[in-house]
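Breakdown of the fold
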Amino acid sequence: MGKLFCLMGKSSTGKDHIYKAIIEKLGEKLREVTTYTTRPMRVNEVQGREYNFVTESKMQELKQAGRIIECRTYPTVHGDWHYFTADDGQIRLEEANYIMIGTLEAYMSLKEYYKDAVVPIYIEVEDGERLFRALRRERKQTPPRYEEMCRRFLADNADFSEENLEKAGITRRYINDDFDQCVEEVISSMV
């Protein structure tokens with residue numbers, strides 16, 4: 001039976017970069033899971049790579065078919081954005097190991113759905129550095145959505161509170177203040 005590695009952390013902790021580095025080094029040993037969102041694509045994002053970008057009506061179709069494993073809704077300054085994982089045939093644990101990016105809430109729902117096959121990988125970065133990274137990234141967007149960046153930054157503190165991490169059973173943390181070292185630590189825990 002395979003494992004489903006759930007990479008998570010607050011915004012701007014480097015999850016996407018770490019994910020890509022893991023895929024580059026372990027690609028033949030892992031399959032990627034692409035989750036879904038109704039939010040607009042950012043500059044340089046590609047349909048089916050970062051997310052499956054779908055309309056709200058497509059999300060409702062999947063929900064009515066009983067195919068949504070977990071879903072989070074964020075009331076943003078641009079309206080509600082939904083992020084979700086669907087049982088769409090991507091994950092076949094009898095065949096392989098998988099990796100995906102998710103939230104703590106997603107991890108808990110996936111663990112309930114797939115049981116002990118789900119393994120957490122929690123990434124941390126000091127908050128001042130996270131804010132700097134978030135601002136640098138947002139400046140590149142057209143148009144920049146600074147209000148939403150700030151909302152996400154603050155919401156992450158509640159979502160990934162110490163109490164919530166403890167409830168989820170997250171004990172191991174990977175500190176991303178040295179990218180290469182962080183990637184190596186994550187990979188060594190996976191193999």
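Structure report, in brief. Since we're looking at a predicted model, the values are computed, not measured. (Residues numbered from 1 in each chain as written. Predicted model: local features only at pLDDT ≥ 70, side-chain atom pairs only at ≥ 80, totals over all residues. Heavy atoms only, no water.)

This brings us to the overall build of the protein. In terms of helices and strands, the protein carries seven helices and nine strands. Relative to its length of 191 residues, the protein is compact, with a C-alpha radius of gyration of 16 Å against a globular reference of 16 Å. Taken across its 191 residues, the protein has 45% of its residues classed as buried. Within the protein, counting contacts between residues at least 6 apart in sequence, those at least 24 apart form 68% of the total. Within the structure as shown, the protein displays about 10400 Å² of accessible surface, and the carbon and sulfur contribution to it stands at 50%. Where the 29 positive side-chain charges of the protein centre and where its 34 negative ones centre are 2 Å apart. (Helix = DSSP H or I, 4+ residues; strand = E, 2+ residues; numbered from the N terminus. Rg over C-alpha atoms; globule rule 2.2 N^0.38 Å. Buried < 20%, exposed > 50% of the residue type's maximum accessible area, 1.4 Å probe, protein only. Contact = heavy atoms within 4.5 Å. Areas by Shrake-Rupley, 256 points an atom, 1.4 Å probe, with all protein chains shown as cover. Lys, Arg positive; Asp, Glu negative; His and termini not counted. Charge placed at Lys NZ, Arg CZ, Asp CG, Glu CD.)

Further remarks concern the sheet that holds strand β5 (residues 68–76). Hydrogen bonds between backbone groups are what pair the strands of a sheet, and the pairing can be parallel or antiparallel. Strand order across the open sheet formed by four strands is β4-β3-β6-β5, with mixed pairing between neighbours. Sheet topology places β4 (52–53) and β5 at the edges, where each strand pairs with a single neighbour. With two bridges joining them, strand β3 (residues 36–37) and β4 adopt parallel strand pairing. Bridging across to β4, T37 finds its partner in F53. Against the sheet, helix α3 (residues 104–114) touches β5 and β6 (79–86), its axis set at about 165° to β5. (Pairing = 2+ DSSP bridges. Axes fitted to C-alpha atoms, helices over the stretch in contact; angles between N-to-C directions.)

Okay, the packing of helix α1 (residues 15–26) against helix α7 (residues 179–190) next. Contact geometry of α1 with α7 gives a least axis separation of 10 Å together with a crossing angle of 55°. In this view, α1 runs oblique relative to α7, as classed from their interaxial angle. Judged by the sense of rotation from one axis to the other, the crossing of α1 with α7 is right-handed. Contact residues: H17, I18, A21, I22, K25 and L26 in α1; F179, C182, V183, E184, V186, I187 and M190 in α7. Grouping the constituent residues of the contact of α1 with α7 by class yields ten nonpolar, one polar and two charged. (Parallel < 35°, antiparallel > 145°, perpendicular 65-115°, else oblique. Left-handed = near helix turned anticlockwise from the far one by under 90°. Nonpolar A, V, L, I, M, F, W, Y, C, P; charged D, E, K, R; others polar.)

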